[in-house]
Amino acid sequence: MNPSQKLSDTVLLLEHLAACVRQQAPMQALVFRLSEAAADKTAQARLTNLAVALSRGVSLGDALLAWPGLGRATLSAWLRTEEEHGQLQQALTVLSEDLQLQDRRRQQNRLALGWPAAMLATAVVASTVVSVFVLPSFRTAFESMGLTMPGPTLAYFSFLPFANDIFSMGFVVSLLALVLVMWLMFGRTSGVDRFFHVLGLDRGRWALETQLRLLPVLGHAQPSVGLPLYLRYLADTTPIPSIRQRLERTVRSVDAGESLSSAVEQERLVPATVRAHIDVAQRTDNLPAIARLLGQQLHDLWTLASARFEQRLTWIVYLVAAFLAFELLVAVYLPIFKLGQSV
């Protein structure tokens, strides 16, 4: 994990709850204790409400509906089913690992856009300063000498009719680029992920992430009762339409009585090599060790795909920022050069 990344409080809470289930300890007592030590009032109120709901006998799945990022009907139904069949600890562990994977993806996206956002902000400030303080002097000098300003300068500093001669075209373009980058950093995750996918910047990353999310249930010797509900949760939290549709078809196949291995093979969600390793591990009673090694291998491939995505994204934004900086440089230098020749 990148040193700049951190675990979310939700993941820590889920790990505590999983330990409570394993030790058969009351979950509400632990949550009350966490609320007492919460760093801010918002987190304290959220934990207190969760503890109160648990103390009233509300199932954990229903109690987590009010928790930020977990308020999904599919997630609630899955956790409720696992709790009814005594498999809540395993479900919480799987959910914790899944949230960690999603958190790492979101944080990598934001880290990749940090420096490009700073460059675009600098371009916006430079365009503003030149438009307000430098360009009027150029205009006065050229008018006094009966000259016409260079075409690139007029194009870059052409004023919009509604801007009252304050915002130039260069400023507007730079500002729009900055707004887009800020939306990619802090916008709704599903929309941002679909945007990256349409541009083809995340090639292979979502396929690997889906394999990582399916591996915990593929690596179980016996399928869980809540397997179809977990698959629905995966489909619900997958923003890529093509993968979501394949997951939904997998759910229908499992509901119809087909094995998960056959269903994912039919939808090509997991490569044949992974299925072969799992099949051999089941025959040799070595499934936990092989599943752990496969998870490490897939995670390494996912990390590499994320690094390539970050490189593509950074280069695109750097090229845009460099182009804007070059246009600004040309627009400012040409008038100076032309005035120098005239003098």
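In what follows, the structure referred to is the one given above.
Residues numbered from 1 in each chain as written. Predicted model: local features only at pLDDT ≥ 70, side-chain atom pairs only at ≥ 80, totals over all residues. Heavy atoms only, no water.

Side note on the overall build of the chain
And step 1. A tally of helices and strands in the chain yields 15 helices and 0 strands.
And step 2. Here the C-alpha atoms of the chain give a radius of gyration of 27 Å, more than 25% beyond the 20 Å that 2.2 N^0.38 yields for 343 residues.
And step 3. Considered along the principal axes of its C-alpha atoms, the chain spans approximately 90 × 50 × 35 Å.
And step 4. Contacts in the chain between residues at least 24 apart in sequence constitute 64% of all its contacts with a sequence separation of at least 6.
And step 5. Accessible area for the chain stands at about 18200 Å²; split by element, carbon and sulfur atoms hold 60% of it.
And step 6. Mean positive and mean negative side-chain charge positions of the chain (30 and 27 charges, respectively) differ by 3 Å. (Helix = DSSP H or I, 4+ residues; strand = E, 2+ residues; numbered from the N terminus. Rg over C-alpha atoms; globule rule 2.2 N^0.38 Å. Contact = heavy atoms within 4.5 Å. Areas by Shrake-Rupley, 256 points an atom, 1.4 Å probe, with all protein chains shown as cover. Lys, Arg positive; Asp, Glu negative; His and termini not counted. Charge placed at Lys NZ, Arg CZ, Asp CG, Glu CD.)

Focus on the pattern of salt bridges
And step 1. All chains considered together, the criterion is met by 10 salt bridges.
And step 2. Note that Asp-236 and Arg-72 form a salt bridge whose closest N and O atoms lie 3.3 Å from each other. Of this pair, Asp-236 sits in helix 11 (residues 227–236) while Arg-72 is found in the loop between helix 4 (60–63) and helix 5 (73–84), placing the two residues 164 residues apart along the sequence.
And step 3. Its relative accessible area of 31% is what places Arg-72 among the partly exposed residues.
And step 4. Linking Asp-255 and Arg-232 is a salt bridge whose minimum nitrogen-to-oxygen distance equals 2.6 Å. You can see Asp-255 sitting in helix 12 (residues 241–255) and its partner Arg-232 sitting in helix 11, a full 23 residues away along the chain.
And step 5. What you see here is one network of salt bridges that share partners, running through Arg-105, Asp-193 and Glu-209. (Salt bridge = Lys/Arg side-chain N within 4 Å of Asp/Glu carboxyl O. Buried < 20%, exposed > 50% of the residue type's maximum accessible area, 1.4 Å probe, protein only.)

Observations concerning the environment of Phe-138
And step 1. Residue position: Phe-138 is located in helix 6 (residues 88–144).
And step 2. The class for Phe-138 is buried, based on a relative accessible area of 11%.
And step 3. Beyond its immediate sequence surroundings of up to four residues, Phe-138 is in contact with Met-149, Val-332, Pro-335, Ile-336 and Leu-339.

Points about the nonpolar core
And step 1. Core analysis: the largest hydrophobic core is formed by 59 residues, its most contacted members being Leu-79 and Leu-214.
And step 2. Counting 19 residues, the second-largest nonpolar core is a separate cluster that includes Ala-112, Leu-184, Val-192 and Leu-324. (Core = buried A, V, L, I, M, F, W, Y, C linked by side-chain atoms within 4.5 Å.)

Observations regarding helix 5
And step 1. Between its first and last C-alpha, helix 5 extends 16 Å over 12 residues, near the 16 Å set by a 1.5 Å rise per residue.
And step 2. Among all positions in helix 5, only Leu-75, Ser-76, Ala-77, Trp-78, Leu-79, Thr-81 and Glu-82 are buried.
And step 3. Summarising the contacts, the buried residues of helix 5 are in contact with helix 4, helix 6 and helix 11.
And step 4. Gly-86, located one to two residues past helix 5, shows a positive phi value of around 70 degrees. (Expected span 1.5 Å × (residues − 1).)

Here's the deal with helix 14 (residues 272–283)
For an α-helix, the turn length of 3.6 residues means that residues three or four places apart are oriented alike.
And step 1. Spanning 12 residues, helix 14 covers 17 Å between terminal C-alpha atoms, matching the ideal 16 Å at 1.5 Å per step.
And step 2. All of the buried residues along helix 14 are Val-274, Arg-275, Ile-278 and Ala-281. One side of helix 14 holds all its buried residues, which, seen down the axis, span an arc of 125 degrees. Seen from the buried face of helix 14, the exposed residues on the opposite side, beyond 90 degrees, are Ala-272, Thr-273 and Arg-283.
And step 3. Of the surrounding secondary structure, the elements contacted by the buried residues of helix 14 are helix 10 (205–218), helix 13 (260–267) and helix 15 (287–342).
And step 4. Looking at the residues trailing helix 14, positive phi occurs at Asp-285, about 55 degrees. (Arc of directions from axis to C-beta.)

A word on the packing of aromatic side chains
And step 1. Per the counting criterion, the structure on display carries 6 aromatic pairs.
And step 2. Here the aromatic rings of Trp-78 and Tyr-233 are separated by 5.9 Å at their centres, their planes lie at 15 degrees, and the arrangement is stacked. Of this pair, Trp-78 sits in helix 5 while Tyr-233 sits in helix 11; the two residues are 155 residues apart in sequence, bridging distant segments of the chain. Residue Trp-78 shares its accessibility class with Tyr-233, and that shared class is buried.
And step 3. Relative to Tyr-233, the ring of Tyr-230 has its centre 6.1 Å away and its plane inclined at 40 degrees; by these criteria the two rings are tilted. With Tyr-230 and Tyr-233 both in helix 11 and 3 residues apart, this pair spans about one turn of that helix. Here the two residues Tyr-230 and Tyr-233 agree in accessibility, since each one is buried.
And step 4. Linked through ring pairs, Trp-183, Phe-195, Phe-196 and Phe-309 together constitute an aromatic cluster.
And step 5. Its guanidinium or amino end placed over the ring of Trp-67, Arg-46 lies 5.4 Å from that ring's centre, counting from NZ or CZ. (Phe/Tyr/Trp six-rings, centres within 6.5 Å; stacked < 30°, edge-to-face > 60°. Lys NZ or Arg CZ within 6 Å of the ring centre and 35° of its normal.)

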